[in-house]
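# Survey of secondary and tertiary structure
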Amino acid sequence: MSGLAMPKPDAGTLRRRNEIVADMRIIVPGEGVVDAANEMRAFESDGLTAYRQVPLVVVLPETVAQVSRVLKYCNDRNIRVVPRGSGTSLSGGALPLEDAVLLVMSRFNRILEIDFPNRIVVAQPGVTNLGITIAVEQDGFYYAPDPSSQIACSIGGNVAENSGGVHCLKYGLTANNVLGIEMVLMNGEVVRLGGGHLDAEGYDLLGVMTGSEGLLGVVTEVTVRILRKPETARALLIGFPTSEQGGQCVADIIGAGIIPGGMEMMDRPAIHAAEDFVHAGYPLDVEALLIVELDGPSVEVDHLITAVEAIAIRNGSTTCRISQSEQERLSFWAGRKAAFPAVGRISPDYYCMDGTIPRKELPRVLAGMRELSEKYGLGVANVFHAGDGNLHPLILYDANVPGELDKAESFGADILRLCVKVGGVLTGEHGVGVEKRDLMPEMFNQIDLDQQMRVKCAFDPNHLLNPGKVFPQLRRCAELGRMHVHRGQVAFPDVPRF
């Protein structure tokens, strides 16, 4: 893995590989262990394919007991473990390590309970995001968070990354829709956080786990809330001469007190790529395209459509098309949902970024990205959740051209620095993983990082779960609690120390 520093492989673990593989076959019998190098290549990367590493061994458990035994075995023998869901992560969060067991949760693929009166679904972590909606849609319900990869990404992975989607503006991210989880700690203990009720007592450990990127425990069950489908949902397709005008329209819609079900924006390169790919009827003579979905009672939706149309006109919109049928509404979204693969048709490779900014800074950041594009000599296509300021710039490059990957990474790092500079954050939903790990000091000082590390230490004191991710340097937990000795004396000498 050129250019990416990862924890040094443990020589003792590598020497014991045959023994570890044999023991894993006892814990997870049948076809649950993959150890042939060629077969393990299917797991050598996640969605951030620029980085690849064949793991020590791949283990696919089917029961909570097996997960518990695998983790306890590894904990007792100081063996690293990398959890993995569907492998759709775009930040390298599931990147394997040479000396680590890759614990793949894809066989946990059953929905365990559907409770319509209480509007909850209990699912195993390998169930796909879209699979939950499919299971309940005939009864008029759906699961609100809908990442673009929802057809493939797992609900367990959504919890790990706190995934969002086009409808997160009104209905929230994964954190707002998960009520409980069952998880296994590194020492093999099985813990339940939350459940089918709305509020849990004590510390919000469920909130800590959601977005923890596999560093604290392995999720084995997820309880989510489902929502009744709205009476009416219609979408507007609005074109603008500039991205800045589109960004200002977004700010004005929110400023008017209107909270759309979804509000997405695409720039010219993304518009053309998506239209060529799915033929959704997008206008090709605009620089920015805004998709605004409004839902609720039909009378309210009609009123809001009029209001949004007026705001768009005030911001210089040149086209405005309003969906007249459910099929047309879905076609508007089809292009946006397919934007990532569509961009693959216009560039040999692309690097998908993820940062979040205050909505008011959208015009400034878009202008800044154009300047960076000229600086690095690389194109960029912008697709983003405009309502909550979650940007997904797609940096276009060719990995076969020497130096272009390095330029793309530097370009992406500068975009994220710009996001932080204007008051934003490094990630909205993709997570830190390895992609943004070394940029964490741009946003957090050492005190901040130490406090976050202490949470990690409370769950995994030996740093065996997903090491090398999120934190810019790998340190032992003992280093965070070093005793300070001043002139031969320690503070509070009467306090017993162990």
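Everything below is about the structure shown above.
A brief structural summary.

Rules of the game
Residues numbered from 1 in each chain as written. Predicted model: local features only at pLDDT ≥ 70, side-chain atom pairs only at ≥ 80, totals over all residues. Heavy atoms only, no water. Salt bridge = Lys/Arg side-chain N within 4 Å of Asp/Glu carboxyl O. Helix = DSSP H or I, 4+ residues; strand = E, 2+ residues; numbered from the N terminus. Buried < 20%, exposed > 50% of the residue type's maximum accessible area, 1.4 Å probe, protein only. Contact = heavy atoms within 4.5 Å. Pairing = 2+ DSSP bridges. Axes fitted to C-alpha atoms, helices over the stretch in contact; angles between N-to-C directions. Core = buried A, V, L, I, M, F, W, Y, C linked by side-chain atoms within 4.5 Å.

Moving on to the pattern of salt bridges. Tallied over the entire structure, the rule returns 25 salt bridges. A salt bridge links D99 to R80, with the nearest nitrogen and oxygen atoms 2.9 Å apart. Of this pair, D99 sits in the loop between β3 (80–84) and β4 (100–104) while R80 sits in strand β3, and the two are 19 residues apart along the sequence. Take R80: its relative accessible area is 15%, and that puts it in the buried class. In this structure, R370 and E244 form a salt bridge, with 2.4 Å as the shortest nitrogen-oxygen distance.

Structurally, T174 is set in the loop between α7 (168–171) and β8 (178–184). The contact partners of T174, leaving out residues within four places of it in the chain, are Y143, P145, N158, V159, N162, S163 and T210.

Moving on, we get to unusual backbone geometry. One non-glycine residue, N466, adopts positive backbone phi at about 50°. With respect to the helices and strands, N466 occurs in the loop between α17 (446–459) and β20 (485–486). Relative accessible area serves as the criterion here: at 2%, N466 is assigned to the buried category. The backbone of V470 shows a phi angle near 70°, a positive value even though the residue is not glycine.

Pairing is antiparallel across the open sheet formed by five strands, whose spatial order is β5-β6-β10-β8-β9. The sheet terminates laterally at β5 (111–115) and β9 (190–194), the two strands that pair on one side only. Taken pair by pair, the neighbouring strands of this sheet meet at an average axis angle of 10°, ignoring direction. Sheet strands in contact with helix α4 (residues 64–76) are β8, β9 and β10 (218–225), and its direction is about 55° off that of β8. Lying over the sheet, helix α5 (residues 129–136) contacts β5, β6 (120–123) and β10, oriented at roughly 45° with respect to β5.

Our focus in this paragraph is the environment of V219. On the secondary structure map, V219 appears in strand β10. Sequence separation of V219 and P125 is 94 residues, and the distance between their C-alpha atoms is 6.6 Å. Beyond its immediate chain neighbours, meaning those up to four positions away, V219 contacts M105, P125, V159, I181, E182, M183 and M209.

I181, I253, M263, L290 and L294 are the most contacted members of the largest nonpolar core, which totals 98 residues. With eight residues, the top contributor of residues to this core is helix α15 (residues 404–421). I20, L56, V101 and M186 belong to the second largest nonpolar core, which has 25 residues in total.

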